[in-house]
Amino acid sequence: MHKLSLRGKYFGVLAGILSTVAMPAQLCHAAVIQESHELGIGLGDDFGQSFIAEDAAIQSIGLVISDWNPTVDSPFIIEISLYAGTDFAAAPVSSKSVQLEDGFGGVNGDGAWFDFDFSDVTLNVGSAYAFNLHSPNQRGGIFYSDTNPYLGGMMYQDGEVFADTSDLAFRVIPKTVPIPAAAWLMASSLMGLTVISRKPRKIRAR
């Protein structure tokens, strides 16, 4: 049996380090997305959506929004509240209030994605959450689908289930997990040692 060369040992250690370094990136799952939004509805009432958390650290919750009542002489404000549970009787987690620019998503148009910053919250992976939207001046419009249901949750209107097959167009964007600088430094050092070990050896004269 041949002994493992020094270069082979370094490559083995390097592969182990790099696989360990890559682990944090694997903790970020794909964003929860219900992209279909063939139907629109005005925010005269409150609307919401429940979902199952796929990531503990999230960056934002996004929805498709349009300026449906631009003649209103007041700011275009959307309030969103997040709850730890399948409905809005559950414990509140966080609330945001955002003023959108006039005409955001088009005036009575097809809308555009807007992502509300929830980077300050931590979710329990696999647990149910629900968010509720409110427009103080009833100016906005949001979009939903009733042909491609998201199996992990449902759409609400004023706290009641809107329809069993309906879901808001929404997405939950996870935070990206940076690779620690120390891990990169260690990997670089091992790569340097591997290069050194590949230098040609002198052949002794017999």
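Up top you'll find the structure we're talking about.
In this text, all values refer to a predicted model and were calculated from it rather than measured experimentally.

A.B. asks: Mind laying out the sheet that holds strand β3 (residues 47-52), listing which residues take part and the relevant values?
C.D. replies: Spatially, six strands are ordered β6-β5-β8-β3-β10-β11 in an open sheet, and the strand pairing comes out antiparallel. Edge positions in the sheet fall to β6 (91-100) and β11 (160-163), since each has one partner strand and no second. Direction aside, the axes of adjacent strands within the sheet are offset by 30° on average. As judged from the six bridges shared by β3 and strand β8 (residues 128-134), these two strands associate in the antiparallel manner.

A.B. asks: Explain the side chain of Arg 139 to me, using residue names and the numbers behind them.
C.D. replies: Residue placement: Arg 139 occurs in the loop between β8 and β9 (140-145). At a separation of 2.6 Å, a polar atom in the side chain of Arg 139 contacts the main-chain carbonyl oxygen of Ser 74. Each residue touching Arg 139, except ones within four places of it in the same chain, is listed here: Ser 66, Asp 67, Trp 68, Asn 69, Pro 70, Val 72, Ser 74, Pro 75, Phe 76, Asp 102 and Gly 103.

A.B. asks: Which residues make up the pattern of salt bridges, and what values do they have?
C.D. replies: Summed over all chains, the structure comprises four salt bridges. Through salt bridges with shared partners, one network takes in Asp 67, Asp 102 and Arg 139.

A.B. asks: I'd like to hear about the environment of Gly 152, residue by residue, with values.
C.D. replies: Looking at where Gly 152 falls in the secondary structure, it is placed in the loop between β9 and β10 (155-157). Look at Gly 152 and you get partly exposed, because its relative accessible area is 26%. Discounting residues that sit within four places of it in the chain, Gly 152 has contacts with Ser 50, Phe 51 and Ile 52.

A.B. asks: Residues and numbers for the side chain of Ser 145, please.
C.D. replies: If you trace the backbone, Ser 145 turns up in strand β9. Given a relative accessible area of 0%, Ser 145 falls into the buried group. Setting aside anything within four residues of it in sequence, one finds Ser 145 in contact with Gln 34, Ser 36, His 37, Glu 38, Thr 165, Ser 166 and Asp 167.

A.B. asks: Which residues make up the environment of Gln 49, and what are the values?
C.D. replies: Within the secondary structure, Gln 49 is located in strand β3. In sequence terms Gln 49 and Thr 86 are 37 residues apart; their C-alpha atoms lie 8.6 Å from each other. Polar contacts involving the side chain of Gln 49 include one to the main-chain carbonyl oxygen of Met 154, which spans 3.4 Å. Engagement of the side chain of Gln 49 in a polar contact is seen with the backbone nitrogen of Leu 168, the distance being 2.8 Å.

A.B. asks: Quick one: what's the story with the environment of Gly 42, residue by residue and with numbers?
C.D. replies: By the element assignment, Gly 42 lies in strand β2 (residues 39-42). Given the relative accessible area of 29%, Gly 42 is considered partly exposed. On a C-alpha basis, the gap between Gly 42 and Ile 142 in space is 6.3 Å, while along the polypeptide they are 100 residues apart. Contact partners of Gly 42, with chain neighbours within four places excluded, come to Phe 47, Trp 68, Gly 140 and Gly 141.

A.B. asks: Describe unusual backbone geometry, and please don't skip the residues or the numbers.
C.D. replies: Look at Gln 138: it is not a glycine, yet its phi comes out positive at around 50°. Judged by its relative accessible area of 48%, Gln 138 falls in the partly exposed class. Of note, Asp 158 is a non-glycine position whose phi angle comes to about 50°, a positive value. Among the secondary structure elements, Asp 158 is positioned in the loop between β10 and β11.

Rules behind the numbers
- Residue numbers restart at each chain and count upward from 1, following the sequence in its written direction.
- With the structure being a predicted model, the display of local features is reserved for residues of pLDDT at least 70 and the display and counting of side-chain atom pairs for 80 or more, all residues being used for whole-chain, interface and lining totals.
- Only heavy atoms go into the side-chain values, all of them from the structure, while hydrogens and water stay out.
- Note: two strands are recorded as paired if DSSP finds a minimum of 2 bridges between them.
- A run of DSSP states H or I qualifies as a helix once it reaches four residues; a run of E qualifies as a strand once it reaches two. Both are numbered from the N-terminal end.
- A fitted line through C-alpha atoms serves as each axis, taken over the contacting stretch for helices, and the angle formed by two N-to-C directions is quoted from 0 to 180°.
- In protein, a polar contact means a hydrogen-donor-capable atom and an acceptor-capable atom, both N or O and within 3.5 Å, with residues adjacent in sequence counting only if both atoms are side-chain atoms; elsewhere, any N or O pair within 3.5 Å suffices.
- The contact criterion used throughout is that any non-hydrogen atoms of two residues lie within 4.5 Å.
- Any Lys or Arg side-chain nitrogen located within 4 Å of an Asp or Glu carboxyl oxygen qualifies as a salt bridge.
- Buried means the residue's accessible area, taken with a 1.4 Å probe over protein chains only, is under 20% of the maximum for its type, while exposed means over 50%, and partly exposed covers the values in between.

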